[in-house]
Amino acid sequence: MKKYCRHHDDTDIAVWYNGSTEDNMRYWLIPKSGGDNFMYFFQQPSGGLGEKLREAALSGFRGNREYVVIIGSDIPGLEPGVMEEAFDALGGGTEMVLGQAEDGGYFLVGFSKAAVHKIGAVFDGIDWGTEKVFQQQCAKAKELDINLKILNTKLSDVDTEEDLSVLEGALQIHRQSLTDRKWSVIVPTMNEEENIIRTLQTVCQNCSSEARIQEIIVCDGGSKDNTVQKVKDFSQRVSVPVKVTHSQPGRGFQLKHGVEGATGDFLLFLHSDTHLPSNFDVAAESCLKRPGNVGGSFAWSVDTDRSDGWFFNLEMRILKYFTNRRIQNHELPFGDNAMFTTRHVYDQIGGFQEVYLLEDVLLVEGLWKVGHIGIAEGEPVITSARRWRKWGLFRITGLNRLILFAHYLGVSTETLALWYYGDKLRVVMAANKKNA
């Protein structure tokens, strides 16, 4: 329906819901980036299906619509062409259209304004939920002398477990992938021999079950230290499959390359200096189950202790507060928040871009176009404070804000990366171009 409305400015969608709130429905069906301003939400009236259909139809005509078409919410095979056929029929003088369902009911009913005075009676006397519905509705239209057209397309709805094969075929998803889903954890590295093993240990130790982890993929960008060998040694000591891949340096390049070899249903992107909380897989999956969430991240914390001094600890508490506010209020996690999504959504938005900087922000912006980014409940991830210890809060945070502001003004990611990394990136870029 959204596809149809985006190409027809004179058409809108009224969602009639039951058992929820308008805020929840908007969160589910309207992405963070907005744009779908053709959607309206109404609470279903009390009564049976006939009363609900009658009110939905009459409400549209009270809003001065020329045509009203009602469809079921359980028709995975519905395509824009079906809507074209229905509206073309109504625009050509037909007063009522019906789309026949395979089970003896119907998946679509529509009216033109010429039939508005007959809608009050058209749904009376129908044995809803039986295989007689379609024939009874046709007979009722004939009884009321309504000019009726049956659409050429016949579709299946999803009412019972036996109907799940219809859903699988339309969405190209097997039901097993919805019940036995596993995680691929992708970790980009560059000279991380001091941190990588502890990070990998937290993945294995803090999951609810090692069976939930399909694999850990460490994508190295050309480490000169002992990172790769340490990872290979670690892989021999654990039951979780740990793979090492290689790509040109740059988190965007490394993460994209790592995902290409991933086989899990869920993807979690983990920085090599960030530790996951207990039962992270359960918390992350629960976050993704909320209708509307297409991605998520964890709340954030940083590893400080008393030896850092009171002022540094105060700075980190302030940073922690504002970081979590950014995630919560603006749905804007960064890479060290351990972002996650499904493989299906990742492929849908095009995944990571091959950039040296802001790969996380670009992924977030892609997720915003199709839904929302939630926060996993429970404990936060814990990131190393080494950057702030070395460079200080104001330098690191100030530069990050400048980079983000410049990005929103349209400065290219390559230029921003050169601002951030300086001459050492120029050397890397020259080497990459030479090897390309």
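Quick look at the structure, then. Computed from a predicted structure; not experimentally measured.

### Topic: the pattern of salt bridges
Here's step 1: On inspection of all chains with the given rule, the structure shows 14 salt bridges.
Here's step 2: A salt bridge links arginine 386 to aspartate 273; its shortest N-O distance comes to 3.4 Å. Of this pair, arginine 386 sits in helix H16 (residues 386-391) while aspartate 273 sits in the loop between strand E10 (266-269) and strand E11 (274-275), placing them 113 residues apart in sequence.
Here's step 3: What makes arginine 386 partly exposed here is its relative accessible area of 32%.
Here's step 4: Overlapping salt bridges, with partners in common, bring together Glu192, Asp273 and Arg386 in one network.

### Some points on the pairing of strand E2 (residues 39-43)
Here's step 1: Pairing analysis gives five bridges linking strand E1 (residues 13-17) to E2, with the strands arranged parallel. Considered in E2, the bridge of valine 15 is made with phenylalanine 41.
Here's step 2: Crossover handedness for the path E1 to helix H2 (residues 22-29) to E2: right-handed.

### Side note on the sheet that holds strand E12 (residues 293-302)
Here's step 1: Pairing within the open sheet is mixed, and its eight strands lie in the order E9-E8-E7-E10-E13-E12-E14-E11. The two strands at the open ends of the sheet, each matched to only one other strand, are strand E9 (242-246) and E11.
Here's step 2: Judged from the two bridges that link them, E12 and strand E13 (residues 339-342) form a sheet pairing that is antiparallel. Paired with glycine 295 across the two strands is threonine 341, which belongs to E13.
Here's step 3: Strand contacts of helix H12 (residues 280-289): strand E7 (183-189), strand E8 (213-220), E10, E12, E13 and strand E14 (372-383), with the helix running at about 135 degrees to E12, the strand carrying the most contacts.

### A few points about the state of the cysteines
Here's step 1: One pass over the structure, following the stated rule, counts zero disulfides.
Here's step 2: Sulfur of cysteine 204: no disulfide; nearest cysteine sulfur belongs to cysteine 207 and is 6.6 Å away.
Here's step 3: According to the relative accessible area criterion, cysteine 204 is buried, its value standing at 9%.

### Some details on the environment of alanine 56
Here's step 1: Residue placement: alanine 56 occurs in helix H3 (residues 49-62).
Here's step 2: C-alpha separation for the pair alanine 56 and leucine 255, spaced 199 residues apart in sequence, amounts to 47 Å.
Here's step 3: Look past the residues within four positions of alanine 56 in its chain and what remains in contact with it is Trp16, Val68 and Ile70.

### A closer look at the side chain of threonine 94
Here's step 1: Looking at where threonine 94 falls in the secondary structure, it is placed in the loop between helix H4 (80-91) and strand E4 (96-100).
Here's step 2: Apart from the residues lying within four places of it in its own chain, the contact partners of threonine 94 are Ala89, Ser112, Asn147, Leu148 and Lys149.

### Describing the sheet that holds strand E5 (residues 106-112)
Here's step 1: Taken together, four strands build an open sheet; the order of strands is E3-E5-E4-E6 and the sheet is mixed. Each edge of the sheet is formed by a strand with only one pairing partner; in this case those strands are strand E3 (67-71) and strand E6 (148-150). Going from strand to strand, the sheet's axes swing by 15 degrees on average, the running direction of each strand aside.
Here's step 2: Along the sheet, helix H6 (residues 133-143) makes contact with E4, E5 and E6, crossing E4 at roughly 165 degrees.

### Points about a nonpolar patch on the surface
Here's step 1: Taken together, the side chains of Trp310, Phe311, Leu314, Ile318, Tyr321 and Phe322 present a nonpolar region at the surface, about 670 Å² in accessible area.
Here's step 2: Within the secondary structure layout, tryptophan 310 lies in helix H13 (residues 310-330).
Here's step 3: Residue tryptophan 310 is classed as exposed on the basis of its relative accessible area of 66%.

### Considering the packing of helix H9 (residues 196-206) against helix H10 (residues 227-235)
Here's step 1: Interhelical geometry of H9 versus H10 gives an angle of 30 degrees and a closest axis separation of 10 Å. In this view, H9 runs roughly parallel relative to H10, as classed from their interaxial angle. The interaxial crossing formed by H9 with H10 has right-handed handedness. Across from Ile196, Ile197, Leu200, Gln201 and Cys204 in H9, the residues of H10 making contact are Thr227, Lys230, Val231 and Phe234.

Cut-offs used in this document
- Residues numbered from 1 in each chain as written.
- Predicted model: local features only at pLDDT ≥ 70, side-chain atom pairs only at ≥ 80, totals over all residues.
- Heavy atoms only, no water.
- Salt bridge = Lys/Arg side-chain N within 4 Å of Asp/Glu carboxyl O.
- Helix = DSSP H or I, 4+ residues; strand = E, 2+ residues; numbered from the N terminus.
- Buried < 20%, exposed > 50% of the residue type's maximum accessible area, 1.4 Å probe, protein only.
- Pairing = 2+ DSSP bridges.
- Right-handed = clockwise from strand over helix to strand, strands pointing away.
- Contact = heavy atoms within 4.5 Å.
- Axes fitted to C-alpha atoms, helices over the stretch in contact; angles between N-to-C directions.
- Disulfide = S-S within 2.5 Å.
- Patch = residues over 30% accessible without salt bridge, like charges linked within 9 Å, V, L, I, M, F, W, Y side chains within 5 Å.
- Areas by Shrake-Rupley, 256 points an atom, 1.4 Å probe, with all protein chains shown as cover.
- Parallel < 35°, antiparallel > 145°, perpendicular 65-115°, else oblique.
- Left-handed = near helix turned anticlockwise from the far one by under 90°.

Coordinates in, geometry out; function isn't part of it.
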